[in-house]
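# Residue-level structure breakdown
Here is what each chain is made of, one letter per residue.
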Amino acid sequence: MFIGQQPKDTILEDYARYVNPGRVSVFKQMGLDFVVGRREGVWMWDVDDSHRLLNCRCSGGVFNLGHRPPRVVKAVKAALDEIDVSDHMLLDETRAVLGRRLAEVTPGDIQYSTFSPGGAEAIDVAIKLARGYTQRPGIISVKKGYHGHTGFALATGEDSFRGKFGPMPPGFSKVPFGNADALEAHVSEETAAVIIETIPATAGILIPPDDYYPRVRRACDAHGAQLIIDEVQAGLGRTGRLWAIEEWDVVPDIIVIGKGMSGGIDPMSATCHRPHLDAFFQQNPFIHLSSFGGAALGCVAAMAMLDQTTEPGFMEHVQAMGDRFEAGFVELQSRHSIVAGWRRRGLMIGFEVKDPRMGVAMSAVLAQNGVPAVFADHRPTTIQIMPPLIIQSEEVDFVLEALDRALAFLTDHPEMLAMVSQVAARLGL
Ligand SMILES: Cc1ncc(COP(=O)(O)O)c(C=O)c1O
């Protein structure tokens, strides 16, 4: 009913004419004219059914449970017989149930949840809450971090994304990631919050030193600044723990969740905070509103997602599949001189090549070999490999074989780099 009703050429033409011509032409330039058709588990088929791709992009974690995870689909189908998105100003049972469940599973004494439809809006809520509570202007983020494309979220980011939109709100500044000395020197009585992705993805899946987050926590405590941890990508099992920040044994004041929270079925994100911060919302219970924030169907999807993600054996599976990838990488590096290394926690993987142009080219050639996985925007030598967490051993091997073919192809076809230079210039890299 919804897939393949139009010839593929018509879809491409309509997309170029009515949706986004620039994107269509960049994809064409990269030799990619894939249009998502059937989708199930780790796979997506082209709309004309000509071939399938194993999704190692996963929209940064939206498809943690694969495409159309049966438990989430079943729950949402059943919910459609009884509920809708619900009225966002009124009280709703599904929001209360999800709020309690999140309080049970989030780190430390994090208790309250504000729901939004997407990650960037949830980041905006976190920054509003930190500023409202502290009555301070300062927001410190990390260089090359990424928290989304809406107002305050955009202001935390790099000029490559925000520079064309005129003056940003005042009070935003940046320090290098992973450098606790720089952060300690920068936090002050003017700081409302420090905001960091636990493992920054767009910066290239960076893993900080062991003492980084404990020192960040202490620096915030020393000055009354709030610590906002963004687990939009790293959370919900991606790293082989429910929350990536658990590795550092640090409890943030606010944790932001999105992407995989939807089960890939119904948009949902959350800004979850500790009790002290709620003083602000208690005085201002209607200060933040969003028509689709906490849509009841999304709450149902999120509950089903959490049921599956917290089941015994789930994290062990993520760890085992991550280990299988790593064993394959060792072997690939021994045969391909263009491989520089990798960084990884669970199935959050940054695969590193030596030349930034190679990273962009790898994304194109990997997709041509059946595996969409993109280079990190702020570090194009890194290919982000983010497979669904339900991936099985033979599917890991499929990805490794595609990597092998793509690396061999690029070594033998240096002329690919010329094509990439043009694409990179258009993308502002
Ligand atoms: C770490 C991180 N935070 C926030 C966001 C913004 O989420 P959304 O695209 O749902 O607005 C993203 C999106 O990629 C992200 O990677």
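Above this note sits the structure.
Residues numbered from 1 in each chain as written. Predicted model: local features only at pLDDT ≥ 70, side-chain atom pairs only at ≥ 80, totals over all residues. Heavy atoms only, no water.

What follows concerns unusual backbone geometry. Positive phi, close to 50°, is recorded for Ser59, a residue that is not glycine. Relative to the elements of secondary structure, Ser59 occurs in the loop between strand E3 (52–54) and helix H3 (70–80). Residue classification places Ser59 among the partly exposed residues on the basis of a relative accessible area of 24%. The backbone phi angle of Arg68 is positive, close to 50°, even though this residue is not glycine. When you line up the elements, Arg68 lands in the loop between E3 and H3. Under the relative-accessibility criterion, Arg68 is labelled partly exposed at 44%. (Helix = DSSP H or I, 4+ residues; strand = E, 2+ residues; numbered from the N terminus. Buried < 20%, exposed > 50% of the residue type's maximum accessible area, 1.4 Å probe, protein only.)

With that settled, consider the sheet that holds strand E11 (residues 339–345). Two orientations exist for strands paired in a sheet by backbone hydrogen bonds: parallel and antiparallel. Spatial ordering of the open sheet is given by E11-E12-E14-E13, a layout of 4 strands whose pairing is antiparallel. Every interior strand has two partners, whereas the edge strands, E11 and strand E13 (375–376), have only one. Helix H12 (residues 314–335) contacts E11, strand E12 (348–353) and strand E14 (379–385) of the sheet and is inclined by roughly 170° relative to E11. Against the sheet, helix H13 (residues 356–368) makes contact with E12, E13 and E14, and its axis sits at roughly 35° relative to E14, the strand it touches most. (Pairing = 2+ DSSP bridges. Contact = heavy atoms within 4.5 Å. Axes fitted to C-alpha atoms, helices over the stretch in contact; angles between N-to-C directions.)

Taken as a whole, the second largest pocket spans an internal volume of roughly 780 Å³. Every residue lining the second largest pocket is counted, 24 residues in all, and those nearest its centre are His88, Arg95, Ser113, Thr114 and Pro285. Looking at the lining of the second largest pocket element by element, the count peaks at 4 residues for strand E4 (residues 112–116). (1 Å grid on protein atoms, 1.4 Å probe; cavity = no way out; pocket = protein on both sides within 12 Å on 5 of 7 lines; lining within 4 Å. Points joined across faces, edges and corners; volume = space filled by probe spheres on them.)

Of all 7 residues that make up strand E7 (residues 191–197), 7 are buried, and the element is covered over most of its length. Bridging between strand E5 (residues 138–142) and E7 involves 3 bridges; their strand directions are parallel. The residue of E7 that forms the bridge with Gly138 is Thr191. In terms of handedness, the path from E7 via helix H9 (residues 212–223) over to strand E8 (residues 226–230) forms a crossover that is right-handed. (Right-handed = clockwise from strand over helix to strand, strands pointing away.)

Further remarks concern the nonpolar core. Judged by nonpolar contacts, the single largest core of 95 residues is most densely connected at Leu98, Leu102, Met261 and Phe325. When residues of this core are sorted by domain, at least three fall in each of domain 1 (8–68 + 314–426) and domain 2 (70–309). If we ignore the near neighbours within four places in the chain, the residues touching Leu102 are Ser113, Phe115, Ile257, Met261, Ala270, Cys272 and Leu306. (Core = buried A, V, L, I, M, F, W, Y, C linked by side-chain atoms within 4.5 Å. Domains from an automatic or database assignment.)

Here 3 strands make up an open sheet; going across it, the order is E1-E2-E3 and the pairing antiparallel. In the strand order of this sheet, the two ends are held by strand E1 (36–40) and E3, each with one partner. Neighbouring strand axes in the sheet, compared pairwise and without regard to direction, differ in orientation by 25° on average. Of the strand pairs in this sheet, strand E2 (residues 43–46) and E3 are connected by 3 bridges, and their pairing is antiparallel. Its bridge partner being in E3, Met44 is matched across the sheet by Leu53.

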